Amino acid sequence: MIEVLLVDDETYVTESLELTIPWEEIGVSTVRRAASGAEALAIMEEEAIDLVVTDIRMPGMDGLQLIEEIGRRWPGVRCILLTGHSDFTYAKKALQLRASDYVLKPVDDDEFVAAVSEALDSLREEWDEFDKVHRLLYSRKSDYKVLRENLLHELLLGREMNPQALSEQLRAYELPLQAGRPTLMLLARLEGRFATMDESSLELMDFAAGNIAEEVLRGQPLWYGSGPHGCLVLLLQPGDSGGEPTLEQTARGLDLRLEKLQEHVRLYLKGEISLSVSTVFELGGSHPGAAYRRTLGSLYAAGNSGRTVYVDPQAAASGASVSDALSPATEGRGSVTELMYAPPTLLHLLESHQWDEVRTKISGVFDAAERAGLAGPPMYEIYLWMTNAFLFISHREGQPVGELGGEEGFDPVLARGLVQQPQRLRTWGLRLLDGLAEQTSAGAGDGRSKVVSRVRQLVGTGLDGDLSVKTLADQVYLHPVYLSKIYKAETGEALGDYIIRMRMERAAHLLKNSGKKIYEITSELGYQNPQYFSKMFKKQYGMTPNEFRDS
């Protein structure tokens, strides 16, 4: 409700107004009185006054000085001036001070009520506008939560973003990190009593643990959110003060704040938390996805331990626990890795709905792993390779992967048993593939989706030929402009950008896994000009092909 303050050194004026004006009818709940400007200010310091009605001529602080001081200290308060005919020049000054109105003495009740009602209507409109803006800001913050989580999942599940595009999104979503800067990833898994909580309670606990991490790790830019595999993900960058441990020190087990983080979770959330710490990587390109696979593999291999494990082998020097989840996999797995990440990638095949090719790729990877004798912890990389791709495509196309009968692979406890048995892991992956193919086909009645799938198939098989929007449009019998509109509407990505991205991914693979010269790769991908190819590659990865090969 609204409170009004009447100010006049002639107290009979304020008493009369208080008693004769129908305040409740015009929405006023409380009327207060003051006999001077100083008394009025004292009341306003104690009470939430919305409207001040003051005389001009008063001893000490006059009405003009009062409304000037009110405007300075309480700019949202409305003011009405009481004035005689001889004080009209003062009234002009009051209006310059942004008083709402003035009323001539002797006061006419109807005129007074009209002036007060108009001031209160203006006040309510301002409140409504403020409330509308507040709701919009709240809605935007809620949208930001979804957008930030989507961006985090895309980065972790393998979407490669060039520094410029990533910088734009980080800035648009008001995130404190910067693309291209050194970054450290911490994965936190809530354990103990958290294991019995439902999804909404766990989301609340993730939020609480993230807030605790912000407090413990304050001074460094931090972005946290729920990851796609049921862990809390924290991305940390160097601070400006220089008083905090470096990222390298944190990665090597020399940061006591992590122990403090676990202690605070035990104290305030009454549960255990396991941490897995990555090596330092650059935020952008394929680095976040690669760091996530290694760090998550370490966390899975460590079990429900309530401790901290490190991907960096140098962490052993400090006596920290170093997970060996991935180290055995580096021995004798060259052919397996080559098959896993060779274009067309698993994600691309899933995006383009090439189900038979996906089955062939997965089976080939498991066959190579069997020939190499890989089993146990080294299978985590294969497991993460599959789940990342399945989760990404499920997230992108709105197909709930949890309904495909593969729940055990996304439960941290059940997944460990799955990884220990390669044949069982293969069966689970292929069963999940069949479910995804069936579910996608059942919902694939939209002709536009079919066109997009066909375009992706053509791109996947035509990277070494004359590939352009026009040649693709000719093969699906659509006008190039119309095809571009369909593709952008369905995927959110321009078709030309998609073609370039696929070519650059193929180029990155060839640079790392073949001895071909850059001009040979340029020609193989259908580019005539090596300088133009280098420019496009640098735009995608933030470095030249030579720099990428040497990195």
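The model shown is predicted, which means the values in this text are computed figures rather than measured ones.

Turning our eyes to something else, we now look at the confidence of the model for the chain. When the pLDDT values of the chain are averaged, the result is 81; 84% of them are 70 or greater. Of all the helices and strands in the chain, strand β12 (residues 321-322) carries the lowest mean pLDDT, 50, while strand β8 (residues 232-236) carries the highest, 95. Counted against residues more than four places away or in other chains, residues 322-332, with its pLDDT under 50, gives 23 contacts.

Let us look at a negative patch on the surface. Together, Asp108, Asp109, Asp110 and Glu111 give the surface a local cluster of negative charge. Relative to the assigned elements, Glu111 resides in helix α5 (residues 109-156). With relative accessibility at 37%, the residue Glu111 sits in the partly exposed group.

A few words now on the pattern of salt bridges. For the structure shown, the criterion picks out 21 salt bridges. The closest approach of N and O atoms between Glu69 and Arg73, which form a salt bridge, is 3.7 Å. Separated by four residues within a single helix, Glu69 and Arg73 lie in helix α3 (residues 63-73), roughly one turn from each other. As a salt-bridge pair, Arg124 and Asp121 come within 3.3 Å of each other at their nearest N and O atoms. You can see Arg124 and its partner Asp121 sitting in helix α5, three residues apart, about one turn around the helix. Put simply, Glu45, Glu69, Arg72 and Arg73 are held in one network by salt bridges that share partners.

Take the side chain of Glu505 next. Relative to the assigned elements, Glu505 resides in helix α20 (residues 495-513). Since its relative accessible area comes to 16%, Glu505 is described here as buried. Apart from residues no more than four positions distant in its own chain, Glu505 is found in contact with Glu160, Pro343, Thr345 and Tyr541.

What follows covers the pairing of strand β6 (residues 182-191). Burial analysis of β6 places nine of its ten residues in the buried class, the great majority of the element. Pairing between β6 and strand β10 (residues 281-282): two bridges, direction antiparallel. Each bridged residue has a counterpart across the sheet, and for Pro182 the counterpart in β10 is Glu282.

The subject of this paragraph is the environment of Met502. Within the secondary structure, Met502 is located in helix α20. Relative accessible area serves as the criterion here: at 6%, Met502 is assigned to the buried category. Distance in space between the C-alpha atoms of Met502 and Val459 is 7.8 Å, their sequence separation being 43 residues.

Calculation rules
Residues numbered from 1 in each chain as written. Predicted model: local features only at pLDDT ≥ 70, side-chain atom pairs only at ≥ 80, totals over all residues. Heavy atoms only, no water. pLDDT = per-residue confidence, 0-100. Helix = DSSP H or I, 4+ residues; strand = E, 2+ residues; numbered from the N terminus. Contact = heavy atoms within 4.5 Å. Patch = residues over 30% accessible without salt bridge, like charges linked within 9 Å, V, L, I, M, F, W, Y side chains within 5 Å. Areas by Shrake-Rupley, 256 points an atom, 1.4 Å probe, with all protein chains shown as cover. Salt bridge = Lys/Arg side-chain N within 4 Å of Asp/Glu carboxyl O. Lys, Arg positive; Asp, Glu negative; His and termini not counted. Charge placed at Lys NZ, Arg CZ, Asp CG, Glu CD. Buried < 20%, exposed > 50% of the residue type's maximum accessible area, 1.4 Å probe, protein only. Pairing = 2+ DSSP bridges.

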